[in-house]
Amino acid sequence: MTSRKAVRDPGGLSLYLEHRRKLVEKTLSRSLPAASVRPATIHQAMRYSLLAGGKRLRPILTLASAEACGATDLTPVLPAASAVELIHTYSLIHDDLPCMDDDDLRRGRPTSHKVFGEGVAVLAGDALLTQAFALLARIKAPKRYPIAVFLEETATAAGSLQLIAGQVADLEAEGRKLSIADVRFIHERKTAAMVILSLRLGAMAANATASQLKAVTEFGRALGLAFQIIDDILDVTQSSEKLGKSAGKDLKAAKATYPSAIGLEASRKEAARLTRKAHSSLRSLGVKSARLAQIADHLLSRSF
Ligand code: GRG
């Protein structure tokens, strides 16, 4: 199916998500050197983590955001969608390292450092992050947004004010009882910043107007926080097998989470409140944003 046809996807959400996942998988595979290219170890490690499955939520949001802003051809949006998944995968590899969360399981498989050793795992993360910027640099600039804007926004979201800020605050919070405001500070940076970026890149690739860009940004702010609260809830309520990563780790490592700060039921209520807020942010975008709204509902339904 071509990407142009995909925009008209008449099926339900699961068909839509499945189609988008396949489109993203194909693009991701093409975004990296082949596993045999020297030095093969690094390319094998990059491909091992990037092509290990995962929900592909962030690139799917990039594509759905572009559609919500009027895109009918997804081809020009795919490099931005891939870039966010490369950065996300890098952050997972590094987060799993012994010096960070020290995890053995990710996306249902042994973590990168377990398979390739710590040195190659660090470098695979570095190389994925770097390659993300190469993909962004190749985007054909839409009228309203020069490529420098894509690069700068991505660097900010992945940098020491957002993603890395969240990770540092998370590391420093271990074992301490945090206020809900502190937990929110971490979640907004560690998780919501990349969700907002995913949506903004899709909107910008679709040459969104300022008001469309504002709407998807507000949606991302609410959805990103809801997504991390739901992730916190799942860590307590689901098995490792179901999650494809070690469950119950947050409690063991005394991590900063919503359930530990306000309890499970209040966390569910907060995720539901944020999902309603995400919905109302989309109002001005009209029917084109229906998929974004459905994705928000779908994510929330995982927490019950
Ligand atoms: C190491 C710079 C650096 C950052 C790490 C992403 C992250 C920050 C840590 C991973 C652990 C964690 C719970 C992060 C919060 C974001 C999150 C819920 C990640 C998992 O995302 P999913 O559920 O995973 O979309 P898949 O595998 O489906 O892509």
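Computed from a predicted structure; not experimentally measured.

Draft legend 1. Layout of helix α16 (residues 290-301). Under the 1.5 Å per step criterion, the end-to-end length of α16 is 17 Å for twelve residues, consistent within 8% with the ideal 16 Å. Those residues of α16 lying buried are R291, L292, A293, I295, A296, L299 and L300. Where α16 is buried, its residues meet α2 (13-30), α4 (57-68), α10 (180-205), α11 (210-237) and α15 (264-281).

Draft legend 2. Structural detail: the environment of A256. By secondary structure assignment, the location of A256 is in the loop between α13 (249-252) and α14 (258-262). Excluding residues within four positions of it along the chain, A256 makes contact with D170, A173, L178, V183, I186 and H187.

Draft legend 3. Inspection of the site of the ligand at higher detail. Taken together, 18 residues lie near the ligand, and K55, R58, H88, R107 and Q228 sit nearest. The separation between an oxygen atom of the ligand and a polar side-chain atom of R107 is 2.8 Å. If the ligand stood free it would expose 700 Å²; the protein chains cover 92% of that surface. Of all the cavities here, the one that holds the ligand is the largest pocket. Among the secondary structure elements, those contributing two or more residues to the shell around the ligand are α5 (78-96), α9 (163-173), α10 and α11. Among the elements that make up the shell around the ligand, the one with the highest residue count is α5 (six residues). Looking at side-chain class alone, the shell around the ligand contains five nonpolar, seven polar and six charged residues.

Draft legend 4. Quick peek at the environment of L135. Here L135 lies in helix α7 (residues 118-137). L135 has contacts with S31, P79, S82, A83 and L86, leaving out every residue within four places of it along the chain.

Draft legend 5. Representation of the side chain of K255 in the model. Its location among the elements puts K255 in the loop between α13 and α14. Of the residues examined, K255 reaches a relative accessible area of 8% and is grouped as buried. Within polar-contact distance, the side chain of K255 engages the side chain of D170 at 2.9 Å. Reaching out from K255, the side chain makes a polar contact with the side chain of E174 at a distance of 3.1 Å. Setting aside residues up to four positions removed in sequence, K255 forms contacts with D101, D170, E174, D250 and S260.

Draft legend 6. Molecular detail of the packing of α10 against α11. Following both chains from N to C, one finds α10 and α11 inclined at 140°, their axes separated by 7 Å at the closest point. Relative to α11, the element α10 lies oblique. Like other packed secondary-structure pairs, α10 and α11 cross with a definite hand, here right-handed. Tallied by class, the residues present in the contact of α10 with α11 amount to 13 nonpolar, six polar and six charged.

Draft legend 7. View of the layout of surface pockets. Put simply, the largest pocket is a space of about 1100 Å³. Lining of the largest pocket is provided by 46 residues; of these, H88, L92, R106, D231 and K245 occupy positions nearest its centre. For the lining of the largest pocket, the secondary structure elements donating two or more residues are α4, α5, β1 (105-106), α9, α10, α11, α12 (240-243) and α13. Broken down by element, the lining of the largest pocket gets its largest block of residues, seven residues, from α5. Per-class residue counts for the lining of the largest pocket are 14 nonpolar, twelve polar and 20 charged.

Cut-off values and rules
- Residues numbered from 1 in each chain as written.
- Predicted model: local features only at pLDDT ≥ 70, side-chain atom pairs only at ≥ 80, totals over all residues.
- Heavy atoms only, no water.
- Helix = DSSP H or I, 4+ residues; strand = E, 2+ residues; numbered from the N terminus.
- Expected span 1.5 Å × (residues − 1).
- Buried < 20%, exposed > 50% of the residue type's maximum accessible area, 1.4 Å probe, protein only.
- Contact = heavy atoms within 4.5 Å.
- Near = heavy atom within 4 Å.
- Polar contact = N/O pair within 3.5 Å; in protein donor to acceptor, adjacent residues only side chain to side chain.
- Areas by Shrake-Rupley, 256 points an atom, 1.4 Å probe, with all protein chains shown as cover.
- 1 Å grid on protein atoms, 1.4 Å probe; cavity = no way out; pocket = protein on both sides within 12 Å on 5 of 7 lines; lining within 4 Å.
- Sits in = over half its atoms within 2 Å of the grid points.
- Nonpolar A, V, L, I, M, F, W, Y, C, P; charged D, E, K, R; others polar.
- Axes fitted to C-alpha atoms, helices over the stretch in contact; angles between N-to-C directions.
- Parallel < 35°, antiparallel > 145°, perpendicular 65-115°, else oblique.
- Left-handed = near helix turned anticlockwise from the far one by under 90°.
- Points joined across faces, edges and corners; volume = space filled by probe spheres on them.

On their own, these measurements won't tell you what the molecule is for.
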